[in-house]
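# Summary of structural features
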Amino acid sequence: MPSSKSEHDTSYEVVIGIEVHTQLATRSKMFCRCAVDTDAEPNTRVCPICLGLPGVLPQTNDAAITLGIKAALALGCEVNLESRWARKHYFSPDLPKGYQITQYDYPLAEHGELELPGLGKKIRIRRVHLEEDAGKLTHGSKETLVDFNRCGVPLAEIVSEPDIRSVEEADAYLKELRLILKALGVSDAEMERGHFRCEPNISVRPVGQKELGVRSEIKNLNSFKAVREGIERAMADQIAWLEQGREIVQTTYLWDEKARELRPMRVKETSADYRYFPEPDLPPLIVKETEIEEIKKGFTRASVTVSQGTTVTGSHRFILPAEKRKEWLDKGLKKQYVEILVTEPEWERYFMQLLNKEVSIKEASTWLLNEARGVMAERKETLSQFKVPVKEMTTLIGLLRDGKLTRPGAKELLAAMAGQGKGARELMEEMDLGAVSDEGLLQEAAKKVLAQNPDVCQKYRKGKTGVIGFLVGQCMSQMRGKADPNAVRRTLEKLL
Amino acid sequence: MNGLPTIAELAFALDQGDAKAVEVIAEIRKNIETHESDVNAYVNLYQNEATAQAKEADAGEYPAGKTPDLTGIPIAIKDNICVRGWPCTCASRILNGFLSPYDATVVKRLKAAGAIIVGKTNLDEFAMGASSETSACGPVKNPLDMERVPGGSSGGSAAAVAYGGAVAALGSDTGGSVRQPAAFCGLVGFRPSYGRISRYGLVAFASSLDQVGPITQTVEDAAILYSVIAGPDPDDSTTYPQEPEEMDLTGQIPRGTKVGVMKECFTDLQDRRIADAVMRPFADAGIELVEVSLPLVRLSVAAYHLLAMSEVSSNLARYDGIRYGRRVEKLGLKDTYFTSRGQGFGDEVKRRILIGTFGLSEGYIDAYYNTALRYRAALATQYEAAFEKADFLLSPTAPTTAFKLGERTNDPLAMYLSDVFTAPAALAALPCISIPAKDTVDGLPAGIQLTAPRWKDSQLLEFAHAVEQI
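Residues numbered from 1 in each chain as written. Chains lettered and ligands numbered in written order. Predicted model: local features only at pLDDT ≥ 70, side-chain atom pairs only at ≥ 80, totals over all residues. Heavy atoms only, no water.

## Things to note about the overall build of chain A
The number of helices and strands found in chain A is 16 helices and 16 strands. Its C-alpha atoms give chain A a radius of gyration of 30 Å, more than 25% over the compact-globule value 23 Å for 496 residues. Overall size of chain A, expressed as C-alpha extent along the three principal axes, is 95 × 65 × 50 Å. If you take every contact in chain A between residues at least 6 apart in sequence, the share linking residues at least 24 apart comes to 67%. (Helix = DSSP H or I, 4+ residues; strand = E, 2+ residues; numbered from the N terminus. Rg over C-alpha atoms; globule rule 2.2 N^0.38 Å. Contact = heavy atoms within 4.5 Å.)

Here's what the structure looks like:
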């Protein structure tokens, strides 16, 4: 390898593909009838089948298959009408049978794609397949304990093509994928609970080079932040090695969350031979076209729900985030507000409830997504801690709309309502925030301001009508912001 | 011949009040006392439980006419089939101390029909063998000639029925393990179509080949046990969704029935006396015989062992000493694995795990496992062609009669070749039965093996029953 190049001569491109294991939101396990409950007392959600006792046989869980098909369809995959189960062998105390039942050469679905929101780029999905999870090991100082509750919990593995070219794209891909899985009810996709495990493989190459570089794979990334840091780390290492003219060996790393370091787990020469072969205990997995059609019917168009002003929560109906996003943008909602609605279901729910009370999209976005969200950010609260019921929020917006409250008054009121649980009207009166609409009081204030500013009155009368804004402002401050600026303006105009 | 009635006879006698279950159990107890210490047919006996159950059966009613009913009938179960609360050793040290927390589907069905389980029978370790000599519980001997093996791997089941230790037994057949011991002990051994009988609770040896099957004194008894245990099972996804067809054991051979004589089996047979013994009833009865050629049968042992060993390497991975069975505690996980498995498995099991692991490994799977799979598909096609010409196919069950103990233990290849006539039907998933020929060879029984198209289990039993009457 020519090492004459200085490190500034070459710029590098990163190539990333990602495998995601997502826990399917079923009540029972993939191949037995045990409940999925990984929080239960260790080894209480187990049976002869998931413990791999002599003589047992697996039975597939239809619910898991349906969820797998749902995910595959949402990712635009072709669902294979016949796929197969395979055994993947390795010895580990958390793997009771000594093999994992998975899908190998005939996966459930293939050839999908996922569009990165905002970036407009599409990442191809290579395959979606189903498999079972292993148990959980807890390493103590003297002994290692094993909990089989998680053993046999259904997983879908979603594998992307190496189409990702930056950390940002990787981040966007994973966030959108997670959003889709959650929106469809396919998975709870809670990363810290291991419901959504990301394993990126990373290689770098000089820009312009066709061949892919040697890959590093990273496991144990339990947050989006860890994914970003891990990828950045692997990229930096590889570029440094290339600069030094060192050969890169294909290596699997574990992300060390505490040290924020990559720890080599195994290199390719010692990689396991999993000895995949067809699972003889299960017939091929047959999916009927009618089943696919039935699931497709559940994909509701966003317009149905947005125009009806209700969210759809039934298990058979679901809206893809991309569609929802488009629908809201078409309705004129700002991009940053759209993202809140698409990514945060509790905010979406609140928002839709406001729309149901005949609050306009504009009003709802201003007062919920901007003002209320700002208040909560300041108070470091979540929506559930907000304690302003939809009804009271609607009242506040109505008071403003009817001129009973000024904008500054409304903001003050909202801040006061947060975390209090008092009614909008009650608190407005208590705080004396109501807009002054009494003609007499307005006139009094206006006269006072006019008397204080004879030169400005002069300018106005000479035709510089723009100066009225100044006078309005003066009146408003005179009335401590409690007047309706439009009414003030009308009074001033009359007097002038 | 074992001094005990058949299932059919006993059920009738119990119905009529001419017999008592306790009397039969007492008779069996006596036979066990006399023969068991020499024969070693059982791994575990449950005679007190059996006696208690027999008393209960006698106190209750024998539901006459309700078929199939096994109330009060003593049955032996091969010790690779799980019975709730009892050990299931598979004749291996690695399962030391393991108690099954559940009943195999076949056991559940036998219990539901009222059968009394007398004990768990000895076998080749994990059913891997053709002589019942690889058992960690010691070899089984053939009650007909104590110097000879009873066949295997269900040798304990066959020997127990042969000496009167049970009225009938269940075995398991992966490449011949029901049919060959039945042939060596002069009994009937029936391997149904793959998928007819649930494998749930049968400890896996080679999952794509394993089938439970009865070892009985008569074809009628095989049919009775079969009708109790066969049929779809939600716990086994590979079972056939339809119930078996009704049977009518008339003893008559339907006009126009054609039997295909499997050319390669007879050509390759070295002992002509076995061929003669197998052929004679068909000649006597004037049954129409046609010659059929299935050249691929000659490769069946190689293909069978490649597939079976590959599956063994997978199925036996679970015996790691972590959750149950024998654990030899060592410093570190790897050493615990190595020592537990190293001490827990016998040589034959280890040999098969090693070969199977090799056959599935990267770079070799195409040459071995996948080639064997292609062979399997091609063999099934040859069978289909043969069944165009004949209703049933005929061959000897084994190339020899029972051989001597120790004769083949140091020659695995010779041992594997015992499966040469039984492996093909297993690979093709076909129903296949061994019935004893009337003529013996040097005083030892020879087996007549009949094969039928897949799912024609009932027709095969009807025909075999008729042949048995000749």
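Having put the structure on the table, let's press on.
## Here we look at the packing of aromatic side chains
In the structure shown here, the tally under the stated rule is 22 aromatic pairs over all chains. Residues A:Tyr90 and A:Tyr274 carry aromatic rings whose centres are separated by 6.1 Å and whose planes lie at 70° to one another, so their mutual orientation is edge-to-face. Here A:Tyr90 is found in the loop between β4 (86–89) and β5 (99–102), whereas its partner A:Tyr274 is found in the loop between β14 (261–267) and β15 (277–278), with 184 residues between them in sequence. On the accessibility criterion, A:Tyr90 (28% relative accessible area) is partly exposed. Look at A:Phe277 and B:Tyr369: their rings are 5.5 Å apart centre to centre, the planes differ by 85°, and that puts the pair in the edge-to-face class. Residue A:Phe277 is located in strand β15, and its partner B:Tyr369 is located in helix α13 (residues 366–389); the two belong to separate chains. (Phe/Tyr/Trp six-rings, centres within 6.5 Å; stacked < 30°, edge-to-face > 60°. Buried < 20%, exposed > 50% of the residue type's maximum accessible area, 1.4 Å probe, protein only.)

## Quick notes on the packing of helix α8 (residues 345–356) of chain A against helix α10 (residues 390–401) of chain A
Residue and element names in this part refer to chain A. It is the contact of α8 with α10, at a shortest axis distance of 10 Å, that shows an interaxial angle of 55°. Looking at the two axes, α8 sits oblique to α10. Crossing angle aside, the handedness with which α8 passes α10 is right-handed. Where α8 abuts α10, its residues Tyr350, Gln353 and Leu354 lie against Val390, Met393 and Thr394. Classifying every residue of the contact of α8 with α10 by side-chain character gives four nonpolar, two polar and no charged. (Axes fitted to C-alpha atoms, helices over the stretch in contact; angles between N-to-C directions. Parallel < 35°, antiparallel > 145°, perpendicular 65-115°, else oblique. Left-handed = near helix turned anticlockwise from the far one by under 90°. Nonpolar A, V, L, I, M, F, W, Y, C, P; charged D, E, K, R; others polar.)

## What about unusual backbone geometry?
At the junction of B:Gly152 and B:Ser153, the peptide bond is cis and its omega measures out at 10° in the coordinates. Checked against the element boundaries, B:Ser153 lands in the loop between β3 (116–121) and α5 (155–163). Here A:Lys380, not a glycine, exhibits a phi torsion of approximately 55°, which is positive. In this structure, A:Lys380 sits in the loop between α9 (361–379) and α10. Here the phi dihedral of B:Trp455 falls at roughly 75°; this positive angle occurs in a residue that is not glycine. On the secondary structure map, B:Trp455 appears in the loop between β11 (447–451) and α16 (457–469).

## So, the interface of chain B and chain A
Across the contact, 37 residues belong to chain B and 31 residues belong to chain A. Taken together, the two surfaces of chain B and chain A that pack against each other cover about 2700 Å², and 58% of this comes from carbon and sulfur. Counting the surface chain B buries against chain A, the share from its top three residues, B:Ser237, B:Arg318 and B:Arg323, is 21%. Taken together, chain B and chain A are joined by two salt bridges. Between chain B and chain A we count 20 residue pairs in polar contact (both at pLDDT 80 or more) in total. Elements supplying a minimum of two residues to the side of chain B that touches chain A: α10 (300–315), α11 (333–344) and α12 (347–360) of chain B. (Buried area = accessible area lost by both parts, 1.4 Å probe. Salt bridge = Lys/Arg side-chain N within 4 Å of Asp/Glu carboxyl O. Polar contact = N/O pair within 3.5 Å; in protein donor to acceptor, adjacent residues only side chain to side chain.)

## A few points about the pattern of salt bridges
In total, this model carries 54 salt bridges over all chains according to the counting rule given. One salt bridge in this structure joins A:Glu13 and A:Arg165, with 3.5 Å as the shortest N-O distance. Of this pair, A:Glu13 sits in strand β1 (residues 12–23) while A:Arg165 sits in the loop between β10 (154–160) and α2 (167–183), and the two are 152 residues apart along the sequence. The partly exposed category is assigned to A:Glu13, whose relative accessible area is 24%. Under the relative-accessibility criterion, A:Arg165 is labelled partly exposed at 26%. B:Glu348 is the partner of B:Arg351 in a salt bridge, and the nearest nitrogen-oxygen pair spans 2.8 Å. Of this pair, B:Arg351 and B:Glu348 both sit in helix α12, three residues apart, roughly one helical turn.

## Side note on the sheet that holds strand β6 (residues 211–216) of chain B
Residues and elements named next belong to chain B. A sheet is described by the order of its strands in space; here eleven strands give the open sequence β1-β3-β2-β4-β6-β5-β10-β11-β9-β7-β8, paired in mixed fashion. Strands at the two margins of the open sheet, each flanked by one partner only, are β1 (42–45) and β8 (288–292). Each neighbouring strand pair of the sheet contributes to a mean axis angle of 25°, computed without reference to strand direction. In this structure, strand β9 (residues 392–396) lies alongside β11, joined through four bridges in antiparallel fashion. (Pairing = 2+ DSSP bridges.)

## A few points about the sheet that holds β14(A)
All names here are of chain A. Read from one edge of the open sheet, nine strands run β2-β6-β7-β10-β1-β11-β12-β13-β14, paired in mixed fashion. Of all the strands in the sheet, the pair left with one neighbour each is β2 (78–79) and β14. Strand direction decides the pairing type here: strand β6 (residues 109–115) and strand β7 (residues 122–132), joined by six bridges, are antiparallel. Across the sheet, glutamate 110 pairs through a bridge with arginine 127, a residue of β7. Contacts from helix α1 (residues 62–74) reach β2, β6, β7 and β10 within the one sheet, and its direction differs from that of β7 by about 175°.

## Section: a nonpolar patch on the surface
All names here are of chain B. A cluster of nonpolar residues, Phe358, Tyr364 and Tyr368, forms a patch on the protein surface that exposes about 270 Å² of accessible area. Structurally, the position occupied by tyrosine 364 is in the loop between α12 and α13. Under the relative-accessibility criterion, tyrosine 364 is labelled partly exposed at 37%. (Patch = residues over 30% accessible without salt bridge, like charges linked within 9 Å, V, L, I, M, F, W, Y side chains within 5 Å. Areas by Shrake-Rupley, 256 points an atom, 1.4 Å probe, with all protein chains shown as cover.)

## Things to note about the confidence of the model for chain A
Averaged over every residue, the pLDDT of chain A is 86; the share at 70 or more is 92%. Element-level mean pLDDT values for chain A span from 47 in helix α5 (residues 302–308) of chain A up to 98 in β10(A). (pLDDT = per-residue confidence, 0-100.)

## Regarding the domain arrangement of chain A
Residue and element names in this part refer to chain A. Here chain A is described as being made up of domain 1 (12–278), domain 2 (300–430) and domain 3 (439–495). Here the C-alpha centroids of domain 1 and domain 2 sit 37 Å apart. Contact residues are listed per partner, giving nine residues for domain 1 and ten residues for domain 2. Area buried by domain 1 at its contact with domain 2 is led by Lys70, Leu179 and Leu184, which between them contribute 50% of it. Scanning the region where domain 1 abuts domain 2 turns up one salt bridge. Among the ionic pairs, glutamate 176 bridges to arginine 325, the shortest N-O distance being 2.9 Å. (Domains from an automatic or database assignment.)

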